[in-house]
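# Summary of the model geometry
The residues making up each chain are set out below.
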Amino acid sequence: MNESTEIIQEILQSLSLDTAYRTASLTLLEKGESRYLRDLKLNFTSTLTSAHLTEKECALIGLSAAVNNNNVPLINYYTQYAEAQGATAADVAEAAGCASLLASNNIFYRFRHFTQKEKYTQIPARIRMQLMMKPVTGKEFFELMSLAISAVNGCEMCVNAHEDSLIKLGTTEERVFDAVRIASLVTATGKIIF
């Protein structure tokens with residue numbers, strides 16, 4: 001067994017997947033004995049901890065990013081990890097709901113931003129967002145998840161709005177940075193394991 005196969009098996013075992021599991025992209029990396037596999041493993045592992053976020057917060061951001069990317073193996077992994085860190089069923093549901101809500105918001109507000117037409121800013125959005133009003137995970141953390149998902153979805157207007165809200169709530173830039181870092185790495189992992 002070569003080093004690439006060993007690394008793949010370690011990654012798959014950590015995700016509670018069969019070590020024979022392969023996607024087309026994972027097979028390409030394995031056949032090419034890509035050095036990237038080591039990076040993938042280390043990057044994925046780094047989504048689980050942060051000096052500025054609790055392990056539960058890391059897990060919920062990871063889960064929200066996995067839901068956003070419709071990645072079943074990562075959804076299952078981060079759900080179990082979040083629960084092991086003390087997340088309730090309501091916390092887990094809110095992470096999933098955040099991804100769905102932000103998918104609509106990011107498309108809608110990105111459209112408004114792209115067109116730059118005053119008329120579209122005057123028409124009511126008619127997008128129900130009660131989930132944002134009293135989040136079970138708390139206003140600050142919900143904003144943090146929202147920012148991370150908005151960054152993944154590429155909505156400049158939403159990223160700026162959520163980052164502004166977070167700074168006004170007293171959030172450190174390090175928390176903001178780590179939330180986006182985690183969401184980006186979950187998204188990168190999901191390009192290989194899905």
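Here goes a summary of the coordinates provided. Per-chain numbering applies: the sequence of each chain, read as written, is numbered from 1 onward. Thresholds applied to this predicted model are a pLDDT of at least 70 for local features of residues and 80 or more for the giving and counting of side-chain atom pairs; totals over whole chains, interfaces and linings are not thresholded and use all residues. Hydrogens and water are ignored here; the side-chain numbers use all heavy atoms of the structure.

## Details of the overall build of the protein
- Only DSSP runs of H or I reaching four residues or more are called helices, and only runs of E reaching two or more are called strands; each is numbered from the N terminus. Within the protein, the regular secondary structure consists of 11 helices and 0 strands.
- When the helices and strands of the protein are placed in sequence order, the string is α-α-α-α-α-α-α-α-α-α-α.
- For this measure, only C-alpha atoms enter the radius of gyration; the expected value for a globule follows 2.2 Å times N^0.38, where N is the number of residues. The C-alpha radius of gyration computed for the protein amounts to 18 Å, which stays within 12% of the reference 16 Å derived for 194 residues, consistent with globular compactness.
- Burial status follows relative accessibility: with a 1.4 Å probe on protein chains alone, a residue under 20% of its type maximum counts as buried, one over 50% as exposed, and anything between as partly exposed. Here the protein holds 194 residues, and 43% of them are scored as buried.
- Residue contacts are defined here by distance: any two heavy atoms, one from each residue, within 4.5 Å place the two residues in contact. For the protein, restricting intrachain contacts to residue pairs at least 6 apart in sequence, the fraction spanning at least 24 positions comes to 72%.
- Of the roughly 10,000 Å² that the protein leaves accessible, carbon and sulfur atoms contribute 55%. Where accessible areas are quoted, they stem from the Shrake-Rupley method and a 1.4 Å probe; at the residue level, only the protein chains shown are allowed to cover.

## Some remarks on the environment of Ser-184
- One can find Ser-184 in helix α11 (residues 173-190).
- Taking the relative accessible area as the measure of exposure, Ser-184 reaches 38% and is therefore partly exposed.
- Placed 32 residues apart in sequence, Ser-184 and Val-152 show a C-alpha to C-alpha distance of 6.5 Å.

## Observations regarding the pattern of salt bridges
- What counts as a salt bridge is simple: a side-chain nitrogen of Lys or Arg found within 4 Å of a carboxyl oxygen of Asp or Glu. Counted by the stated rule, this structure contains 9 salt bridges.
- In this structure, Glu-10 and Lys-41 form a salt bridge, with 2.2 Å as the shortest nitrogen-oxygen distance. Of this pair, Glu-10 sits in helix α1 (residues 3-14) while Lys-41 sits in helix α3 (residues 36-45), placing them 31 residues apart in sequence.
- Judged by its relative accessible area of 35%, Glu-10 is partly exposed.
- The shortest N-O distance in the salt bridge between Glu-140 and Arg-175 comes to 2.9 Å. Note that Glu-140 is positioned in helix α9 (residues 139-153) and Arg-175 in helix α11, a separation of 35 residues in sequence.
- Each member of the salt-bridge network shares a partner with another, and the members are Glu-57, Glu-140 and Arg-175.

## Thoughts on the state of the cysteines
- The rule for a disulfide is simple: a pair of cysteine sulfur atoms within 2.5 Å. Enumeration over the complete set of coordinates arrives at 0 disulfides.
- Looking at Cys-98, it has no disulfide partner, and the nearest cysteine sulfur is the one in Cys-158, 11 Å off.
- We classify Cys-98 as buried; its relative accessible area is 0%.
- For Cys-158, which is in no disulfide, the shortest distance to another cysteine sulfur is to Cys-155 and amounts to 3.1 Å.

## Overview of the nonpolar core
- Here, nonpolar core means buried Ala, Val, Leu, Ile, Met, Phe, Trp, Tyr and Cys residues that are tied together by side-chain atoms lying within 4.5 Å of each other. Counting residues in each nonpolar core, the largest one holds 47 residues, and the members touching the most others are Leu-15, Leu-60, Ile-61, Tyr-78, Leu-144, Met-145 and Ile-193.
- Once residues within four sequence positions are removed from consideration, Leu-15 is found in contact with Phe-44, Leu-74, Tyr-77 and Ile-193.

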